[in-house]
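Listed here are the chains, written in short residue letters.
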Amino acid sequence: MARIISPSFLSADFLRLGESARVVNESRAEWFHLDVMDGVFVPNISFGLPVVRALRGATEKVLDVHLMIVQPERYVDDFRTAGADYLTVHVEASTHLHRTLQAIRDAGMRAGVALNPHTPVCAVEEVAEMADMILIMSVNPGFGGQKFIASSLDKVARTKELLLRKNSSALIQVDGGVNAENAAQLFAAGADVLVAGNAVFAAEDPVKAIQQLIDA
Ligand code: DX5
Ligand code: ZN
């Protein structure tokens, strides 16, 4: 099982994004997690294409773009052009999810599907084979620094069961409230990729915090 850390730049200092990119580049984190929010699907507005494009120029690591926007299918090509490697859309935000995932793959990216805390695992049953990643939201999306929803741990285990049953090699990502205390359990339950915002960028030493998550 992979143990990938994807630091969420939502918690970075936006005045010093280049410096944050340099720190993550020097760490053992393999991915950059970029949260795009539209103020409609979630109550918050974060950043969009220009920031993704700028960070593409600042790293060779995997750009893991998490779209919290309605009708994400409208922007597939734009995010490819901006440099996304993984493009994750919410099952709750895309009416024709099957078509959207196909479009992401046809554009040359890896396709992720995110589930809000209230959405059951079975919502991805029919697309498990065509997804490259399933993202289990362990907080309600919109903000960094929230408390991990404890039932997410069992949800990760049930997602792992689904993927095994479907013979899918999709990765499992967990996003929200991840820290050095719950990381080990999440990896043990089947998580491959842990997103961490506050646990990394609010730490005194982000490189060390990333290492602690990997070693959890
Ligand atoms: C929340 C975002 C997360 C967020 C995680 O809607 O999807 O990626 O930045 O932040 P932490 O790790 O602080 O909960
Ligand atoms: Zn996210």
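Provided above is the structure to which this section pertains.
Residues numbered from 1 in each chain as written. Chains lettered and ligands numbered in written order. Predicted model: local features only at pLDDT ≥ 70, side-chain atom pairs only at ≥ 80, totals over all residues. Heavy atoms only, no water.

Student: Quick rundown of the coordination of the zinc ion (ligand 2)? Include the residues and the values.
Tutor: Octahedral six-donor coordination of a metal ideally yields angles of 90 or 180 degrees, compared with 109.5 degrees for tetrahedral four-donor coordination. Summarising the metal site, the zinc ion (ligand 2) is bound by the protein donors His33 (NE2), Asp35 (OD), His66 (ND1) and Asp175 (OD), whose distances to it range over 2.0 to 2.3 Å. Read in sequence order, the donor residues coordinating the zinc ion (ligand 2) give the pattern H-x1-D-x30-H-x108-D. Within this pair, whereas His33 is found in strand β2 (residues 31–37), its partner Asp175 is found in strand β7 (residues 171–175), the two being separated by 142 residues in sequence. (Donors = N, O, S within 2.8 Å, 3.2 Å for Na, K, Ca; no water. Helix = DSSP H or I, 4+ residues; strand = E, 2+ residues; numbered from the N terminus.)

Student: An account of the nonpolar core is needed here, citing residue identities and associated values.
Tutor: Counting 59 residues, the largest nonpolar core has Phe9, Val65, Leu101, Ile134 and Leu194 as the members making the most contacts within it. At four residues, helix α6 (residues 183–189) tops the list of elements feeding residues into this core. For Ile134, the contacting residues outside a window of four places in its chain are Val113, Leu115, Val124, Thr159, Leu163, Ala170, Leu171, Ile172 and Gln173. (Core = buried A, V, L, I, M, F, W, Y, C linked by side-chain atoms within 4.5 Å. Buried < 20%, exposed > 50% of the residue type's maximum accessible area, 1.4 Å probe, protein only. Contact = heavy atoms within 4.5 Å.)

Student: I'd like to hear about the environment of His118, residue by residue, with values.
Tutor: If you trace the backbone, His118 turns up in the loop between β5 (110–115) and β6 (133–137). Here His118 falls in the exposed class, since its relative accessible area comes to 63%. Counting along the chain gives 111 residues from His118 to Pro7, while the straight-line C-alpha distance between them is 24 Å.

Student: Can you break down the site of ligand 1 residue by residue, with the values?
Tutor: Near ligand 1 lie 20 residues; those nearest to it are Ser8, Gly142, Gly145, Asp175 and Gly197. Contact distances for ligand 1 include 2.9 Å between an oxygen atom and a backbone N or O atom of Asn198. For ligand 1, the accessible surface in isolation is 380 Å², of which the surrounding protein chains cover 99%. When residues of the shell around ligand 1 are traced back to their parent elements, those giving at least two are β2, β3 (62–68) and β8 (193–196). It is β2 that provides the largest number of residues to the shell around ligand 1, a total of three residues. Among the residues making up the shell around ligand 1, the classes are represented as eight nonpolar, 10 polar and two charged. (Near = heavy atom within 4 Å. Polar contact = N/O pair within 3.5 Å; in protein donor to acceptor, adjacent residues only side chain to side chain. Areas by Shrake-Rupley, 256 points an atom, 1.4 Å probe, with all protein chains shown as cover. Nonpolar A, V, L, I, M, F, W, Y, C, P; charged D, E, K, R; others polar.)

Student: Tell me what's going on with the sheet that holds strand β4 (residues 86–90), and back it up with residues and numbers.
Tutor: Read from one edge of the open sheet, eight strands run β1-β8-β7-β6-β5-β4-β3-β2, paired in parallel fashion. In this open sheet, the two edge strands, each paired with only one partner strand, are β1 (4–7) and β2. Direction aside, neighbouring strands of the sheet carry axes that sit 25° apart on average. Relative to β5, helix α4 (residues 97–106) is tilted by about 145°, and along the sheet it contacts β4 and β5. (Pairing = 2+ DSSP bridges. Axes fitted to C-alpha atoms, helices over the stretch in contact; angles between N-to-C directions.)

Student: Describe in detail unusual backbone geometry, supporting the description with residues and values.
Tutor: Backbone geometry at Gln71 places phi at a positive 45°, although glycine is not the residue there. As for its placement among the helices and strands, Gln71 is situated in the loop between β3 and α3 (76–82). Taking relative accessible area as the criterion, Gln71 reaches 41% and is therefore assigned partly exposed. In this structure, Asn167 is a non-glycine residue whose phi angle is positive, near 60°. Following the sequence through the fold, Asn167 ends up in the loop between α5 (152–165) and β7. On the basis of relative accessibility, which here comes to 73%, the residue Asn167 falls in the exposed class.

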